[in-house]
Amino acid sequence: MAPTSLYAALAALVVLPCSLAEPKVFGLKFAKVRKEVAQSDLQRRANTISEPLYNGIGLYIANISIGTPPQNMSVQLDTGSSDLWVPTTQSNICSEPSCDAWGSFDPQASKSFDVLNNFGDFEIHYGDGSQYQGSYFSDNLVLGEAKLKGVTMAAAESAQNLVGSGSALANNGLMGIGFDSFEARVNQGDRPYLGVVSQLKKQGFIKTLSYSLWLDDEDAQTGSILFGGVDTSKYIAPLIALPMVAFDYGETTQVNEVAVEMTSVELKSDAGTISLTDKNLVVPALLDSGTTSAYFPSDISQKILDAFGAVEDPLSPNPLVACNLSTSKATFVFGFGGSSGPKISVPIAQLVREYDGVTVFKDGTAACELQIQTSEEDQVILGDTFLRSAYVVYHLEAKTIALANSNINPSGSPDIQEITSTDIPSIKGDVLSSIPVSIAVPTITAAATTEIPGPLDGGDESSSMFDGTLTENPGKPSFSAESSVKAGGAGSTATGKAGGSTGAAAATGPNGKEVLAVVGVVSFLSVVGGSVFLML
């Protein structure tokens, strides 16, 4: 069933053909959709189960069409998983509310639909606790101008533990673009199938299993993914390549997730540079577009929270800090691959955003969320708060990742270079060597972050009437803010509420909820001797 609101706003796409040579290069923008609903902040990462963490969330959405005739829908783009699945029109996922905002798939309405009975049942679990079940099928898939035939996908026919149930964000589909070996059925002991990236290569749209991700900044309404190539206009040199590593060191040495070795975290401000990690740190970091926040082992996250003067409140999934920190010029610098590896600078403003659940600290200071979480499994997962500051090239075939600082809002023309082999164009030097895994994550002793009693903890019946004022003051950060933000000063924070964002076309979803951001122009290009598929 075609969506009636969101997709209608996203559907005004313009194709610009240009025929310089064969094979083709073409593009499609994906939209950033932001809504303040009870959606899990922790990750749409497959084959993991953890406690749900609720938060407003920004999603990166791509438009696709499935079947004959094509059925339009919008799906979340996810580098941290590998299956493309969509809810079926008859599923409980689309019952309350309907799937009109995102679209759903009706197998009976597609002449090219073919159920894959020999594949068994589809079942996938995500880190937010949600679970989806259904069946595998084969059908035609359209991504921009890429018309793929016989693509294996999954139809989600039922779901449990939907985070944000009753909201329009509880029922969107998802397009995982990770390794085929990380598909849900592989985790259940079955053989992998050719996923979306593999099908793009098999059917001649790209030459290598590779893509580049550019999310732009927090205020931008679109980002881009470039299959089979690199756009040098989207990053600030140098672009440095690293070997992918196993994400779960203790469980397997197989590389089947998009992780690299993180070796340092620093805080830079006018007061100088503070190292927040041991000099011998080596820890796998998953670069996951399906996650919003950044997740660190407890020792590292504690150092970061202390640097912000963060306090913890049971009503908030994230630690809370003074909103005026969003105006600071301080930056976090994440290092990868040792001293010669890439260093990605993330402005403090990317990590601080308003939170509706709490208004002010005890002293009247406006309270905002810090998008830093402690990983229960002592893992590093770098989500969109990090990825917005980075240009990331994922080369699944070569099992390498190249990183550079993002060129935010570039004004020049695209400079697209095809990835035709295991080498990534324009990188500085050779691919760095992996650092021996025997160097363990160090133990860092840090003072405990302040915890604020919840409004129901005191036993006093009157305490349940929470007035939005915390019982504690914000801690003292290691850096200074440039200006003060008073309570209610939403416009002063660099990452304000979704509802306050401007500059994007808006569509009204179910129950009158506003969905911000629409897809922009789709471009169809060609380069000499190469094939690159671009979702701008």
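Above this text sits the structure in question.
Please read all numbers here as calculations on a predicted model, not as lab measurements. (Residues numbered from 1 in each chain as written. Predicted model: local features only at pLDDT ≥ 70, side-chain atom pairs only at ≥ 80, totals over all residues. Heavy atoms only, no water.)

Draft legend 1. Spotlight on the overall build of the protein. When you go through the protein residue by residue, the secondary structure sums to five helices and 35 strands. The buried share among the 536 residues of the protein stands at 59%. Counting only contacts in the protein whose residues sit at least 6 apart along the sequence, the fraction spanning at least 24 positions is 75%. Carbon and sulfur atoms provide 49% of the accessible area of the protein, an area that totals close to 20000 Å². (Helix = DSSP H or I, 4+ residues; strand = E, 2+ residues; numbered from the N terminus. Buried < 20%, exposed > 50% of the residue type's maximum accessible area, 1.4 Å probe, protein only. Contact = heavy atoms within 4.5 Å. Areas by Shrake-Rupley, 256 points an atom, 1.4 Å probe, with all protein chains shown as cover.)

Draft legend 2. Examining the packing of aromatic side chains more closely. This structure, assessed with the given rule, holds 16 aromatic pairs. With a centroid separation of 5.3 Å and an interplanar angle of 40°, the aromatic rings of Tyr235 and Tyr391 are classed as tilted. With a gap of 156 residues between them, Tyr235 in strand β15 (residues 235-243) and Tyr391 in strand β28 (residues 390-395) connect regions that are remote in the sequence. Tyr391 shares its class with Tyr235; the two are buried. (Phe/Tyr/Trp six-rings, centres within 6.5 Å; stacked < 30°, edge-to-face > 60°.)

Draft legend 3. Focus on the state of the cysteines. Going through the model one piece at a time under the given rule, you end up with two disulfides. Here Cys323 connects covalently by a disulfide to Cys368, the sulfurs 2.0 Å from one another. When the S-S torsion is 100°, as for the bridge of Cys323 with Cys368, the disulfide is right-handed. Of this pair, Cys323 sits in the loop between β21 (320-322) and β22 (331-336) while Cys368 is found in strand β25 (residues 367-370), placing the two residues 45 residues apart along the sequence. The exposure class of Cys323 is buried, given its relative accessible area of 3%. (Disulfide = S-S within 2.5 Å.)

Draft legend 4. Focus on the nonpolar core. Judged by nonpolar contacts, the single largest core of 88 residues is most densely connected at Met262, Phe308 and Phe336. Among residues more than four places away in sequence, those in contact with Met262 are Leu281, Val282, Val283, Ala285, Phe296, Ile300, Phe334, Gly335, Phe336 and Val380. With 15 residues, the next largest nonpolar core counts Ile93, Ala159, Leu174 and Ala184 among its residues. (Core = buried A, V, L, I, M, F, W, Y, C linked by side-chain atoms within 4.5 Å.)

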